[in-house]
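Listed here are the chains, written in short residue letters.
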Amino acid sequence: MEENKKILFITKNFPPIIDGVGDYTYHLSIEFSKQYKVDIITHNPVAKENELINELKMYNIDVHYLNFESKSKQNDLISLVEQISPNWLNLQYVGYSFHPYGFPFWLVNPLKHFKKNGIKVLLTVHETYIRRNTFKNTLISLLQQKSLTKIAKYSNVLITSIERYAQQLKKNHSNVHVIPIGSNIKPIKFSEDEISFWKEQHEFSNKKNILCFGNRNHLFALSVLKELIQKDESFCLIITGKQSHTIEHRKYIEAEHLQNHVVTTGILENNELAKYLTAADLLLLKEKLDLKGRGGVSGKSGVVAAAITFGLPIFANRGDMTDNFFKHNKNIFFISDNASQVAQDILTSYKTGDLEILKIEVQKFKHFNSWHTIVKKAERILKSCYYSSNA
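Residues numbered from 1 in each chain as written. Predicted model: local features only at pLDDT ≥ 70, side-chain atom pairs only at ≥ 80, totals over all residues. Heavy atoms only, no water.

## What about the sheet that holds strand β4 (residues 88-93)?
Step number 1: Taken in spatial order, the seven strands make up an open sheet running β3-β2-β1-β4-β5-β6-β7, and their pairing is parallel. Since the sheet does not close on itself, it has two edges, and those belong to β3 (61-65) and β7 (176-178), each with one partner. Neighbouring strand axes in the sheet, compared pairwise and without regard to direction, differ in orientation by 20° on average.
Step number 2: Bridge count between strand β6 (residues 157-160) and β7: three bridges; the pairing is parallel. Looking across to β7, one finds that Ile159 is bridged to His177.
Step number 3: In the packing of helix α1 (residues 20-32) onto the sheet, the strands contacted are β1 (6-11), β2 (37-42), β3, β4 and β5 (120-125), and the crossing angle to β1 comes to about 170°. (Pairing = 2+ DSSP bridges. Helix = DSSP H or I, 4+ residues; strand = E, 2+ residues; numbered from the N terminus. Axes fitted to C-alpha atoms, helices over the stretch in contact; angles between N-to-C directions. Contact = heavy atoms within 4.5 Å.)

Structural data, given as structure tokens:
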């Protein structure tokens, strides 16, 4: 086993900034701190003075600020990393986090320097490169791919969250692993009485509650609701989180007289959101999907991770972002792009009891993407890499 185990995370954003990768890093750092001394480098200046810093110090986690937009960022990063002197450096990679167009070639020299000086690099790739559907996007995508390839060259091991990204990365690297992301909403065990009382307070009792989660265009879900209440008026659609399509949603709700069947919550604290995830019957998730099947539900989605963690059945559309882990009627129900058909599938699942069966099946996967499981998988990979390089 490695002595004086130290791991350094590098992420652009970090709580309290609302950012998926920042939240991911926060949860990883807490779990890793049980076995490692943990340090975090972030561009986020807010991290220097907030209550979270005191919480992290309880876990012996230190947060350092570095301006990734400074002209001296390469030398500053090298200097700070050498000062921290970790065994492992984990770069939380999203190209746009380190360059306005997503190709941060400036990271290559620091990583080359770290690897040369015995610091092992774990590259966590949250995004690879954009799709090449226009001439401009093709040029940007090629540069993004080129920079990622160079950065990966000086990384010992790569981790990503979905099989599609892994296949892209394996073209230029032999040590690539898939580990799905965990839920940023911590699992909370509520009693049946607690949830029943909470449902009564929010007028969700005796209703069939469908949850929509995240900043998406939920017009499809609203059109499914319209079909559902024509046959069963007990259906209720709950839309949570920040929304960019509020005006569109409101117009549709008013035009179709859905006011008594739609609840919009806005942004919720995690503890409150946990109650919605517990009280809902299913998650309806219609992701972007083009005619070539590009898009769809994926394991890189925080919404999906939260639903799995809370054992909530997921009704979502399949595409090239969808891993083979997802099995129809096992841990997910794949939907079509036809609102009437989706409504009929939902109605049938209630009537036949298939929804309850699916919920039981989903419960079996609740620990699949827990932070404990994720870090244990990562640790095995790091140890394997450590021993192979020291054999």
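From this point, things continue past the structure.
## Section: the packing of aromatic side chains
Step number 1: The final tally for this structure, using the stated rule, is 17 aromatic pairs.
Step number 2: For Lys208, the ring lying beneath its charged end belongs to Tyr350, and the centroid distance is 5.7 Å.
Step number 3: Lying over the aromatic face of Phe220, Lys286 brings its terminal NZ or CZ to 5.0 Å of the ring centre. (Phe/Tyr/Trp six-rings, centres within 6.5 Å; stacked < 30°, edge-to-face > 60°. Lys NZ or Arg CZ within 6 Å of the ring centre and 35° of its normal.)

## Structural notes on the sheet that holds strand β10 (residues 262-266)
Step number 1: Across the sheet, six strands lie side by side as β10-β9-β8-β11-β12-β13; this open sheet has parallel pairing. Bordering the open sheet on either side are β10 and β13 (333-334), each of which pairs with just one other strand.
Step number 2: The strands touched by helix α11 (residues 270-279) within the sheet are β8 (208-213), β9 (235-240) and β10, with β8 carrying the most contacts at an inclination of about 130°.

## Quick word on the side chain of Thr240
Step number 1: Considering the arrangement of structural elements, one finds Thr240 in strand β9.
Step number 2: Once you skip the residues sitting within four places of it in the chain, Thr240 turns out to touch Leu211, Cys212, Phe213, Gly214, Thr265, Gly266, Leu268, Leu273 and Tyr276.

## What to know about the pairing of β8
Step number 1: Burial analysis of β8 places five of its six residues in the buried class, which makes it a mostly covered element.
Step number 2: Examined bridge by bridge, β8 and β9 share six bridges and lie parallel to one another. Paired with Cys212 across the strands is Ile239, a residue of β9.
Step number 3: This β-α-β element, β8 to helix α9 (residues 219-229) to β9, shows right-handed connectivity.
Step number 4: Of the strand pairs in this sheet, β8 and strand β11 (residues 282-285) are connected by two bridges, and their pairing is parallel. Paired with Ile210 across the strands is Leu282, a residue of β11. (Buried < 20%, exposed > 50% of the residue type's maximum accessible area, 1.4 Å probe, protein only. Right-handed = clockwise from strand over helix to strand, strands pointing away.)

## Here's the deal with unusual backbone geometry
Step number 1: Despite not being glycine, Asn206 shows a phi value in the positive range, around 60°.
Step number 2: Relative to the helices and strands, Asn206 is located in the loop between α8 (192-201) and β8.

## Brief notes about the state of the cysteines
Step number 1: Under the counting rule described, the total for this entry stands at zero disulfides.
Step number 2: Free of any disulfide, Cys212 has its nearest neighbouring cysteine sulfur in Cys236, separated by 11 Å. (Disulfide = S-S within 2.5 Å.)

## Section: the pairing of β11
Walk down a regular strand and you will see the side chains alternate between the two sheet faces.
Step number 1: What you see with β11 is no split at all: Leu282 and Leu284 on one side and Leu283 and Leu285 on the other are buried throughout.
Step number 2: Where β11 lies against strand β12 (residues 314-316), three bridges are found, and the strand directions are parallel. Paired with Leu285 across the strands is Ala316, a residue of β12.

## Focus: the packing of helix α3 (residues 73-84) against helix α5 (residues 108-116)
Step number 1: Two elements in contact, α3 and α5, have axes whose closest approach is 9 Å; the angle formed by their N-to-C orientations is 25°. What the angle tells us is that α3 and α5 run roughly parallel. At the point where α3 passes α5, the crossing takes the right-handed sense. Of the residues in α5, those touching α3 at Gln74, Leu77, Ile78, Val81 and Glu82 are Asn109, Pro110, His113 and Phe114.
Step number 2: Looking at the contact of α3 with α5 residue by residue, the classes come out as five nonpolar, three polar and one charged. (Parallel < 35°, antiparallel > 145°, perpendicular 65-115°, else oblique. Left-handed = near helix turned anticlockwise from the far one by under 90°. Nonpolar A, V, L, I, M, F, W, Y, C, P; charged D, E, K, R; others polar.)

## Details of the pattern of salt bridges
Step number 1: Evaluated as defined, the whole model comprises twelve salt bridges.
Step number 2: In this structure, Asp232 and Lys208 form a salt bridge, with 2.9 Å as the shortest nitrogen-oxygen distance. Taken together, the residues span a long stretch of sequence, with Asp232 in the loop between α9 and β9 and Lys208 in strand β8 at a distance of 24 residues.
Step number 3: Note that Glu256 is salt-bridged to Lys226, the shortest N-O span being 3.5 Å. Within this pair, whereas Glu256 is found in the loop between α10 (246-255) and β10, its partner Lys226 is found in helix α9, the two being separated by 30 residues in sequence.
Step number 4: Judged by its relative accessible area of 29%, Glu256 is partly exposed.
Step number 5: Linked through salt bridges whose partners overlap, the residues forming this network are Lys37, Asp39 and Asp62. (Salt bridge = Lys/Arg side-chain N within 4 Å of Asp/Glu carboxyl O.)

## A short note on the side chain of Lys37
Step number 1: Position of Lys37 among the secondary structure elements: in strand β2.
Step number 2: At a separation of 3.1 Å, a polar atom in the side chain of Lys37 contacts the side chain of Asp39.
Step number 3: Contacts of Lys37, omitting those with residues within four sequence positions, involve Lys5, Lys6, Ile7, Asn60 and Asp62. (Polar contact = N/O pair within 3.5 Å; in protein donor to acceptor, adjacent residues only side chain to side chain.)

## Details of the environment of Glu287
Step number 1: Assignment of secondary structure puts Glu287 in the loop between β11 and α12 (302-309).
Step number 2: Separated by 178 residues in the primary sequence, Glu287 and Asn109 place their C-alpha atoms 37 Å from one another.
Step number 3: A distance of 2.9 Å separates a polar atom in the side chain of Glu287 from a polar atom in the side chain of Arg216.

Spatial relationships are all this shows, so hold off on functional conclusions.
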